[in-house]
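# Chains, contacts and geometry: an overview
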Amino acid sequence: MGWNSLEQLAISFPLADLQKSLTNFQSQLKENITTLFDNPFFDEKRPPVQAEVVIVGGGVMGWSVAYWLKALEPRKNALRVLVVERDPTYSRASTVLSVGGIRQQFSLPENIQMSRYSAYFLRTVNEHLGVMNEPPIDIQFNPSGYLFLATEERAAMLEENVNIQRAEGAEVILLSPTQLKKKFPWLNTDGVALASYGLEDEGWFDPWSLLTAFRRKAISMGVHHCCGEVTSFTMAFCNSVTPVGEELMVSRIKYACIQMPDSLEYHEVACALVVNAAGAWSRKLAEIAEVETSSSKTKKIFKLPVEPKKRYVYVWHSPDGPGLNCPILIDTSGAYFRREGLGSNYLGGMSPTKDEEPDIQDLEVDHEFFQEKVWPKLAHRVPAFESLKVKGSWAGYYDYNTYDQNAVLSVHPVVMNMVIVTGRFWRGTLSDFPTGLKPTLKMEPWPRQEDHIAPARD
Amino acid sequence: MQWRELRRGRALRRQNTENAYIQNHYGDDVTAAHFVLSNGGGARFKDQSHWVRAGKNAMAGLLPYLDDPKSRPVVAIDLSGSSLTCTGLENLVWLKHLEFLDLSACPHLDDWALTRLHPLGETLCHLSLARCPRITERGLACLHLLPNLLHLDVSELPAVAQQGLMCILLEDMLPNCQILGLKEAPPPPLAGSQSQPGVGSH
C-alpha cells in the first residue's frame, strides 16, 4: 500500500512539492507499521490473562515488591508478576512527592532494623539494581543526618529511644544544648533540653531515581506492567469459625478486574495473590474486597486503618541560612526543614494538628499555613530564617496508619490472599521499602514483624 | 559478562573484610596495620619517621610491633590508590591516635564511606581525598564531623560540581582547616582565540 501511494503522490504533485509529499508518506507509513505490531504478542498495554501476583500500585513499594518477588523466586520464571499503576505520570504518587529522607532514629527495634537494611541496600544499590549496559544508578544521597530536638518533658523519651537505637547498631549520639551550639552555631537552643543526631546512614536522596531503578530492574527481570485501575474483584467465599467460636466469612480473590484508562475496556486477570501497595488509596482498594466479604451474621467489618492525609512542603531561599553542615532538623514543635542543594535553598514543612487537617480532595497548597504556622516556628529555631523568600511549594499524600503510625505489612484477616504493604509515611521517609518486603514474599508466616492490622469494631 | 562483575564484587568484599582473629588477639592498631599492609598501603607508628610497607608477607613487617601493641599506636595511614570500600574503613576508624589519613585516588570510595570517618573526629588532623572519582559535594558536607582537621586535600575531584562554591562553603564549615584544591576553574578562553577541534558534543 505504501509504494502505490508514493507513486500516486509523485505523479500528482509537481517536483517542488516532492519533499512535502515524502514527509506525508513517511508519517502514513509509520502509522501503518505500528498497526502491524498491534497484536497481543507485542502489546504491553494489555495485562496478561493470568498472573500469579498482581501488585496494585506502581510506587516505590509496589515496584520493590515486584523486584524482590523476582529476585527471590525459587526457579527462573516461576512467578508471573503484574504491576498495575493507574497514573503513569505519578502526579499524585507519594513516592515522587516525598522529601526522600532515610533515618534510623525510630523507637521500635523492627523499624530500626528495616531502616539499617535499607541503608545497606542503598549503599550497594548498583549491585542489586544494576542492569547490564545501562548507566550506573545515582540516587544522590546526602549523608547529612537527622537532628531531633526535644524539650524537658520529652527528653527522657528521646534518651530511651536513642538507647534502643544504639542497641540495634545505629550510630546516634545525644547532644546537650552547649554541644548543639558548638556543632551548629546557626541554631537557637532556646527550650531545647536534649537532641539526638544520627551520624551514619542518615540523610536524604532522590526518590524518583530509586523508583526508576527498581522499575528498570524489575522489568528487565520479566515483570509485566500495565496502566489501568483495579475497580473490582471476583471472589470466592467460605464460612469459617474463629478460634473463639465466632462465625466469620472469609474470601479469596479469584480475578482482579482492571479498567483501561480513558475507555470502557476492562480485563480480568486471574491471580493467586493481590498485593495492595496503593499507598494513600490502599483503604479504598481494600474496601472493594472487604465490602463483599463482610457478613451480616458476624457484624464485624474489617477496615484497613490507613487514611490519606495531605501534607505541604515549601521551598524557600534564605541567604544567611545554615551552610553545609545542615542536617534534617525536626524541631520540638514538629516543624522540619533541610538544605536543598548548595545555593541557600531549603525545604520543609510541618504536620498540622488534628483540627487543622487539610482537605484531601486535591493537591492545592495552602500558603497561609506556612506564613502563620510554619515560618514563626522555624524563625524561632533558626534566626537566619527571619528573612526568607518562598520559592515554591507542593503537596503530597501520606498513607497514615491511624492505629499506631507504623507500617502495615501483613495479610488481610479475611481476604485470604490480599497482602497489604502500606502505612509508611514519616515525612516521606522511605526507609523500609526493600526489607519490609523481603521476608513477606517468601510466603512464610512473618517471624518478627508485628501484625498491625486491627479489625475496626464498629 | 555478569559473572565477571560478580566475581570482581566478591574479590572486593574479600579484600575489605575485618579480621576478627587479629583484633581479638592484638587489638585495633595491629588489625588496622595488617589491613593496610595487605591492601598495598603503608602505616606509620608513633615516634617513628619511616613508613612500614608490605614486604613478602604482611605480618612479617609487623612482627616487631606485636610484643606490646599498646605502646606503639598507629598515627598515620597511607591507602592511596587502594581498593578500599566503605566496609573496609571499619578496620581503621576505631584507632585512637590516628592523625594522618591518605585516601587519595581510591576508586571505590564514595559518599557513604565519608560518613564512616566520624569516630576519628578527635584525633584526625590531615585527610587527603584527592582524585577519588566517586566523591561528590554531598559527601564532603559530612566532613564537619572532623572538627580538628588542619589540612584537607580535595584537589582534582571530578564528581564535585561547583568547585569554587564548595571551596567557600568548606572553609566556612571548617574554619581552622587549610583546604587544598577546589580553587576556581581557569577562566574560559577569549572569543578571539582558536577553539579546539571536535571535543565532545558541545
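Residues numbered from 1 in each chain as written. Chains lettered and ligands numbered in written order. Predicted model: local features only at pLDDT ≥ 70, side-chain atom pairs only at ≥ 80, totals over all residues. Heavy atoms only, no water.

What counts is decided by this rule: UniProt positions are given in the numbering used here, feature names are shortened, and annotations may be inferred rather than shown by experiment.
Chain B is annotated in an unreviewed UniProt entry as Distal membrane-arm assembly complex protein 2 from Alligator mississippiensis. Of chain B, the UniProt comment under Subunit (unreviewed entry) reads exactly: "Interacts with incompletely assembled mitochondrial NADH:ubiquinone oxidoreductase complex (complex I)." In its Sequence similarities (unreviewed entry) section, UniProt records this for chain B: "Belongs to the ATP synthase subunit s family."

The name given to chain A in an unreviewed UniProt entry is FAD-dependent oxidoreductase domain-containing protein 1, and the organism recorded there is Alligator mississippiensis. Of chain A, the UniProt comment under Cofactor (unreviewed entry) reads exactly: "FAD". UniProt lists a comment for chain A under the heading Function (unreviewed entry), and it reads "Required for the assembly of the mitochondrial membrane respiratory chain NADH dehydrogenase (Complex I). Involved in mid-late stages of complex I assembly."

## A closer look at the domain arrangement of chain A
All names here are of chain A. Spelled out, the test is: All the domain ranges listed were derived from an automatic or database domain assignment. Contacts are residue-level and defined by heavy atoms, with any inter-residue pair within 4.5 Å sufficient. By buried area we mean how much accessible surface two parts lose on assembly, using a 1.4 Å probe and totalling the loss over both. Salt bridges are defined as contacts in which a side-chain nitrogen from Lys or Arg sits within 4 Å of a carboxyl oxygen from Asp or Glu.
One can read the domain layout of chain A as domain 1 (45–100 + 206–305 + 402–458) and domain 2 (144–201 + 307–401). On the domain 2 side, the residues contacting the 26 residues of domain 1 number 19 residues. Of the roughly 1,900 Å² buried between domain 1 and domain 2 on both sides combined, carbon and sulfur atoms contribute 56%. At the junction of domain 1 and domain 2, the tally comes to one salt bridge.

## Thoughts on the interface of chain B and chain A
Defined as follows: N or O atoms within 3.5 Å of each other form a polar contact, as long as, within protein, one can give a hydrogen and the other can take it, and as long as residues adjacent in sequence are counted only when both atoms are side-chain atoms. Helix and strand assignments come from DSSP, with helices taken as H or I runs of at least 4 residues and strands as E runs of at least 2, each series counted from the N terminus.
Every contact between the two is made by 23 residues of chain B and, on the other side, 24 residues of chain A. Buried area between chain B and chain A, both sides added, is near 2,100 Å², and the carbon and sulfur share of it is 64%. Considering only the surface of chain B that becomes buried against chain A, Trp 112, Arg 138 and His 144 of chain B emerge as the three largest contributors, covering 35% of it. Here chain B and chain A share four salt bridges between them. In this structure, the salt-bridge partner of Glu 127 of chain A is Arg 13 of chain B, at a minimum N-O distance of 3.1 Å. Viewed at the interface, chain A and chain B are joined by five residue pairs in polar contact (both at pLDDT 80 or more). Those elements giving two or more residues to the side of chain B that touches chain A turn out to be helix H1 (2–15), helix H5 (111–115), helix H6 (137–140) and helix H7 (163–173) of chain B.

## Here's the deal with the sheet that holds strand S14 (residues 335–340) of chain A
Residues and elements named next belong to chain A. Put simply, the test is: Each pair of strands is called paired provided DSSP finds at least two bridges between the two strands. A fitted line through C-alpha atoms serves as each axis, taken over the contacting stretch for helices, and the angle formed by two N-to-C directions is quoted from 0 to 180°.
The eight strands are arranged S5-S6-S4-S13-S14-S15-S12-S16 in an open sheet whose pairing can be described as mixed. The open sheet has two edge strands with one neighbour each: strand S5 (172–175) and strand S16 (389–401). Averaged over all pairs of adjacent strands, the angle between their axes in this sheet comes to 20°, without regard to strand direction. Running at roughly 155° to S5, helix H7 (residues 152–167) makes contact with strand S4 (146–150), S5 and strand S6 (194–198) of the sheet. Sitting on the sheet, helix H11 (residues 367–381) touches S4, strand S12 (306–317), strand S13 (328–330), S14, strand S15 (345–350) and S16, and the angle it makes with S12 is about 65°.

## Quick look at the packing of aromatic side chains
Residue and element names in this part refer to chain A. Defined as follows: Two rings from Phe, Tyr or Trp (for Trp, the six-membered ring) form a pair when their centres sit within 6.5 Å of each other. Planes less than 30 degrees apart are called stacked, planes more than 60 degrees apart edge-to-face, and all others tilted. Partly exposed describes any residue whose relative accessible area lies between the buried limit of under 20% and the exposed limit of over 50%, with all areas from a 1.4 Å probe on protein chains only and scaled to the type maximum.
A complete count under the given rule lists 24 aromatic pairs over all chains for this structure. Judged by centre distance (5.7 Å) and plane angle (10°), the rings of Phe 121 and Phe 214 are stacked. Here Phe 214 lies in helix H9 (residues 207–220) and Phe 121 lies in helix H5 (residues 109–123), a separation of 93 residues in the sequence. Accessibility assignment for this pair places Phe 121 and Phe 214 in one class, buried. Taken together, a centroid distance of 4.9 Å and an interplanar angle of 80° make the contact between Phe 337 and Phe 385 edge-to-face. Taken together, the positions of Phe 337 in strand S14 and Phe 385 in the loop between H11 and S16 put the pair 48 residues apart, joining distant regions of the chain. Of the two residues, Phe 337 and Phe 385, both sit in the buried class.

## Focus: H7 of chain A
All names here are of chain A. Rules: Multiplying one less than the number of residues by 1.5 Å gives the expected span of a helix. Working definition: the arc comes from the directions between the helix axis and the C-beta atoms, pointing outward to the latter.
For H7, which comprises 16 residues, the first-to-last C-alpha distance of 24 Å matches the rise-based estimate of 22 Å (1.5 Å per residue) to within 8%. If you check which residues of H7 are buried, you get Ala 155, Leu 158, Asn 161, Val 162 and Gln 165. Buried residues in H7, looked at end-on, bunch into an arc of 130°, giving them a common side. Counted as exposed and oriented over 90 degrees from the buried face of H7: Glu 153, Ala 156, Glu 160 and Ala 167. Where H7 is buried, its residues touch H5, S4, S5 and S6. Remark: Gly 169 follows H7 within two positions and exhibits a positive phi of approximately 100°.

## Focus: the side chain of Arg 381 of chain A
Here Arg 381 of chain A shows up in helix H11. In this structure Arg 381 of chain A touches Leu 149, Trp 186, Leu 187, Asn 188, Thr 189, Asp 190, Val 192, Leu 329, Asp 331 and Thr 332 of chain A, once residues within four positions along its chain are discounted.

## Here's the deal with the pattern of salt bridges
Per the counting criterion, the structure on display carries 18 salt bridges over all chains. Across the pair Arg 381 of chain A and Asp 331 of chain A runs a salt bridge, and its minimum N-O distance is 2.6 Å. Pair noted here: Arg 381 of chain A is in helix H11 and Asp 331 of chain A is in the loop between S13 and S14, with a separation of 50 residues, a long-range link. Arg 53 of chain B is the partner of Asp 78 of chain B in a salt bridge, and the nearest nitrogen-oxygen pair spans 2.9 Å. You can see Asp 78 of chain B sitting in strand S3 (residues 74–78) and its partner Arg 53 of chain B sitting in strand S2 (residues 52–53), a full 25 residues away along the chain.

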